[in-house]
Amino acid sequence: VTVSGEGVPSQLITVTQAAGDTILTVSETNLNIGYAEGSKVWTGVTSNTSWTVESDQPWLTPSPASSEGNKNLIFTANENPDRFSRTTTVKVMALGAETKTITITQAAKQVITLMTATIYVSKEEGSTAEIDIDANVGWRAVSEQDWLTCSPDSGTYDGTVIVTATANPGVNKRSSVVSISGVGVGIKRITVIQREGDPVLVVSADSVFVEKEEGSTAMVNITSNTNWNAVTDQSWLKINPVTNMG
């Protein structure tokens, strides 16, 4: 400031203003970030001075790690390999200002895990087996074969599906694939194998008659689920077919 008067030399006065209060604020202090590699989230930093960022978890990278003035602070995450979410706190610090803490929660990786690839049910009607599901998402269970049903056919998070089979009418094992699907996790498959059924052989009659003429015929119906043979002990009688299945 210059002070002057008539006939006298001017005088200079230096006026120094004290520094203003240090400003440091962040726009969001609770953030959520995706589970995938490279997921990002940001918050705004408002300041009138230089500031630094401190993160105590290697899976989260702040950018910039230090700056000054007003700027967006961006966080980039590594993939979360776990089925549970994880949380860390980040500090934004400036000399002369209260430290600001930001809580960042990373989403869990969406997973469906089946405890085994193959299960078995017995041959009888109503035979059951369990499919144990380890999941952190909603899911559906579908059997590709009508003889096998799933209960429940849908659920959320960990659960157990009971598969129930009808009786196996054949003498060979049979199988069905059960598909467990969930949004964002694709389809997991488990094979359900049913044990062999009992062999069956039933003829429609135990006595038939043929006429006296050459080429006279009679018929017997055979019900079976396996291979069978027919044999006569008389040369004058022919059988057709002598072997078959079913």
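What counts, and at which threshold
Residues numbered from 1 in each chain as written. Predicted model: local features only at pLDDT ≥ 70, side-chain atom pairs only at ≥ 80, totals over all residues. Heavy atoms only, no water. Helix = DSSP H or I, 4+ residues; strand = E, 2+ residues; numbered from the N terminus. Rg over C-alpha atoms; globule rule 2.2 N^0.38 Å. Buried < 20%, exposed > 50% of the residue type's maximum accessible area, 1.4 Å probe, protein only. Contact = heavy atoms within 4.5 Å. Pairing = 2+ DSSP bridges. Axes fitted to C-alpha atoms, helices over the stretch in contact; angles between N-to-C directions. Phe/Tyr/Trp six-rings, centres within 6.5 Å; stacked < 30°, edge-to-face > 60°. Lys NZ or Arg CZ within 6 Å of the ring centre and 35° of its normal. Salt bridge = Lys/Arg side-chain N within 4 Å of Asp/Glu carboxyl O.

Observations concerning the overall build of the protein chain
Counting its secondary structure elements, the protein chain contains 0 helices and 24 strands. A compact globule built from 246 residues should have a C-alpha radius of gyration of about 18 Å, whereas the protein chain, at 41 Å, is more than 25% larger. When the backbone C-alpha atoms are referred to their principal axes, the protein chain occupies close to 165 × 25 × 25 Å. Relative to its 246 residues, the protein chain shows a buried fraction of 28%. Excluding contacts between residues fewer than 6 apart, the proportion of contacts in the protein chain whose partners are at least 24 apart in sequence is 54%.

Brief notes about the sheet that holds strand β3 (residues 24-26)
Read across the open sheet, the 4 strands follow the order β3-β5-β9-β7; overall the sheet is antiparallel. At either end of the open sheet lies a strand with only one pairing partner, and these are β3 and β7 (60-63). This sheet shows a mean twist of 25° between the axes of neighbouring strands, independent of strand direction. The pairing of β7 with strand β9 (residues 71-77) spans 4 bridges and is antiparallel. When the sheet's bridge partners are listed, P62 is paired in β9 with F75.

Considerations on the packing of aromatic side chains
Per the stated rule, a full pass over the model turns up 0 aromatic pairs. The aromatic ring of W147 is capped on one face by R174, whose charged end is 4.1 Å from the ring centroid.

Side note on the pattern of salt bridges
Between side chains of opposite charge, pairing is possible as soon as their charged atoms come close. In the structure shown here, the tally under the stated rule is 5 salt bridges. A salt bridge links E79 to K109; its shortest N-O distance comes to 3.5 Å. One end of the pair, E79, is in the loop between β9 and β10 (86-93); the other, K109, is in the loop between β11 (100-106) and β12 (112-114), and 30 residues separate them in sequence. For K109, a relative accessible area of 28% corresponds to the partly exposed category. Linking K173 and E196 is a salt bridge whose minimum nitrogen-to-oxygen distance equals 3.5 Å. Residue K173 is located in the loop between β18 (159-165) and β19 (174-182), and its partner E196 is located in the loop between β20 (186-194) and β21 (201-203); the two are separated by 23 residues in the primary sequence. Residue class for K173 comes out partly exposed when judged on its relative accessible area of 47%. E196 sits in the partly exposed class, given a relative accessible area of 34%. Ionic contacts of the salt-bridge type, sharing partners, join the residues R83, D134 and D158 into one network.

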